[in-house]
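# Observations on the three-dimensional arrangement
Okay, here's what each chain looks like letter by letter:
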Amino acid sequence: MQIYADNAATTKMSEAAIRTMTEYMQTWYGNPSSLYRIGQRAKEKLEEARAEIAGVINAEPREIIFTSGGSEADNQALLTAALNGKKKGKTHIISSAFEHHAILHTLKKLEKNGFEVTLLPVHENGIVRTDELEAAIREDTCLVTIMTANNEIGTIQPVSEIGAICRKHGIVFHTDAVQAVGHLPIDVKAQNIDMLSASAHKFHGPKGVGFLYVRKGILIQNLIEGGAQERGKRAGTENLPGIAAMAEALKESVADMEKKNAHMAEIRDYLIRGLSGIPHSALNGDAEQRLPGNVNFSFEGIEGESILILLDMRGISASSGSACTSGALDPSHVLLAIGRIHDVAHGSLRLSIGEDITKEEADHIIGSVREVVEHLRSFSPVWRDLTEGKKEFILK
Ligand SMILES: *Cc1c(COP(=O)(O)O)cnc(C)c1O
């Protein structure tokens, strides 16, 4: 049995997206900036894709800028709000402690350039509190950037409430919705979202393409200078095959979304119940306010990396709560942000299931994780210390 349970890292391209991409490479190969018919047809196709994508999030076509993915969209959104804020003397930014590194590292760069950043706590449940957001707002706040759904623990943030607060205070609100677009309903107007980032490869589109929504009226700042593509706001010949495939994948993803989500949530909860039976384990993040495809568990007394290798040998592709940075194994900043200590965070597992997951596959996952955790604990020095009472269990 081969089970791909790492859809939060990337998804398999859909058949329709592959077909669209191939067709566009063969047929619509013109440069959208060229004046002859082949170029102008490509331009029309580009605008068709833009209109389709805008429609899905209730934006206007001219509010969509195509980018190379979620990271670029995040970078451009933050630069836009920061430069616009600075012109008015506003240099304070509010974000959360468990954003994606595309946000956190950009904020670090802005801090080095004179901006001040407040990172809101996300508490044990992995959700920001709107009263704490409101309390953090200052006269000089130029941006609030809070993700729609977390990529590691899947917790969904109160985006509509955050949007309403920001609108009331006249502050630009950006949301990294890379884990949400194509998976949750989004309406930028109703939710008062000013900027939003998305990435095609998280909803069965191709890698290396995404988009940034910027509400009209906000002056967009360029990250990439050059030609006049994207109304002068993002230079570079448009990746039309990728963009068309992204539009196709998004259309497919939002069709029957409710039904697909209901199925995934049912299997997710089945997995959560099954894995909860493992002693000294805990679910990470709120059980209800979470993406239908996300399961994230910590198991005391083991290391996440070894779980992954052993699960891979059983045909399961998953992800851990650690990231290998410069040779050292750092526990995930997300798990630390919800209060997991280093040791516990290290023994964490993220399963991000797809809409085609079956009950039989879930059973195979539960059985394999039980087996692997038990096996790893049988020779773990940390587990021995815990069971011999030399160390206190943290997870009951
Ligand atoms: C994957 C991801 C990104 C980065 O998107 P890329 O298209 O890979 O650059 C940003 N934010 C979140 C929440 C993600 O999950």
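See the structure shown above.
Let us look at the structure shown here. On a predicted model such as this, the values are computed, not experimentally measured, just so you know.

### Describing the pattern of salt bridges
Applying the stated criterion to the full structure yields 21 salt bridges. Of the charged contacts in the structure, one is a salt bridge between K45 and E48, with a shortest N-O distance of 3.5 Å. Of this pair, K45 and E48 both sit in helix α2 (residues 37-56), three residues apart, roughly one helical turn. The partner of R138 in a salt bridge is D140, with the nearest N and O atoms 2.9 Å apart. Relative accessible area serves as the criterion here: at 31%, R138 is assigned to the partly exposed category. Among the charged side chains, a network of salt bridges with common partners joins K43, E47, R50 and E230.

### Observations regarding the side chain of R290
With respect to the element layout, R290 can be found in the loop between β9 (281-283) and β10 (294-299). For the buried R290, no salt bridge exists, and the shortest N-O distance to an oppositely charged side chain is 6.9 Å, to D269. Reaching out from R290, the side chain makes a polar contact with the backbone oxygen of N284 at a distance of 2.9 Å. A polar side-chain atom of R290 sits 3.0 Å from the main-chain carbonyl oxygen of D286. For R290, the contacting residues outside a window of four places in its chain are I153, G154, T155, I156, R268, L283, N284, G285, V295 and N296.

### Some points on the sheet that holds strand β15 (residues 348-352)
Judged by pairing direction, the sheet is antiparallel, and its four strands sit side by side in the order β9-β10-β15-β12 without closing on themselves. Looking at strand neighbours, the two that pair on one side only are β9 and β12 (319-320), the edges of this open sheet. Relative to β15, β12 runs antiparallel, the two sharing two bridges. Across the sheet, residue S320 finds its bridge partner in β15, namely L349.

### Notes on the sheet that holds strand β8 (residues 210-214)
Either a parallel or an antiparallel arrangement is found when strands of a sheet pair, and the pairing is made through backbone hydrogen bonds. Taken together, seven strands build an open sheet; the order of strands is β2-β8-β7-β6-β5-β3-β4 and the sheet is mixed. Across the chains shown, the open sheet's two edge strands, defined by having one partner strand only, are β2 (64-67) and β4 (116-120). Within the sheet, the average angular offset between the axes of one strand and its neighbour, ignoring direction, is 20°. Looking at chain direction, strand β7 (residues 195-199) and β8 are connected through five bridges and run antiparallel. Across the sheet, A198 pairs through a bridge with F211, a residue of β8. Strands in contact with helix α3 (residues 70-87) are β2, β5 (141-145), β6 (172-176), β7 and β8; relative to β7, the strand with the most contacts, it is inclined by about 165°. Contacts between helix α4 (residues 101-112) and the sheet are confined to β3 (92-96), β4, β5 and β6, with β3 contributing the most and set at about 155° to the helix.

### Quick notes on α4
Over its 12 residues, α4 extends 16 Å from the first C-alpha to the last, a length consistent with the 16 Å expected when each residue adds 1.5 Å. When α4 is considered as a whole, its buried residues turn out to be A102, I103, L104, T106, L107 and L110. Looking at the packing, one finds that the buried side of α4 touches α3, β3, β4, β5, β6 and α10 (333-337). Positive phi appears at G114, one or two residues downstream of α4, with a value of about 95°.

### Re α2
An ideal rise of 1.5 Å per residue puts 28 Å on 20 residues; α2 measures up with 29 Å between its terminal C-alpha atoms. Of the positions making up α2, those classed as buried are G39, A42, K45, L46, A49, R50, I53 and A54. In this fold, the buried residues of α2 make contact with α1 (15-27), β2, β8 and α7 (240-254). N58 sits one or two positions beyond α2 and adopts a positive phi of about 60°.

Criteria and thresholds
- Residue numbers here run from 1 along each chain, matching the order of that chain's written sequence.
- Since the coordinates come from a predicted model, pLDDT governs what is reported: local features require at least 70, and pairs of side-chain atoms require 80 or more to be given and counted, while whole-chain, interface and lining totals use all residues.
- Computation of side-chain values covers all heavy atoms of the structure but excludes hydrogens and water.
- Each reported salt bridge corresponds to a side-chain nitrogen of Lys or Arg within 4 Å of a carboxyl oxygen of Asp or Glu.
- The numbering of helices and of strands both runs from the N terminus, where a helix is a DSSP run of H or I of at least 4 residues and a strand a run of E of at least 2.
- Three labels apply to residues, based on accessible area from a 1.4 Å probe with only protein chains included: buried if under 20% of the type maximum, exposed if over 50%, partly exposed otherwise in between.
- The charge count includes Lys and Arg as positive and Asp and Glu as negative, but it does not include His or the ends of the chains.
- Polar contacts here mean pairs of N or O atoms no more than 3.5 Å apart (in protein, one a potential hydrogen donor and the other a potential acceptor; neighbouring residues in sequence count only if both atoms are side-chain atoms).
- Every residue pair with non-hydrogen atoms within 4.5 Å of one another is taken to be in contact.
- What makes two strands pair is DSSP finding at least two bridges between them.
- Where helices are involved, their axes are fitted lines through C-alpha atoms of the stretch in contact, as for all axes, and angles between N-to-C directions lie from 0 to 180°.
- To estimate the expected span of a helix, count its residues, drop one, and scale the result by 1.5 Å.

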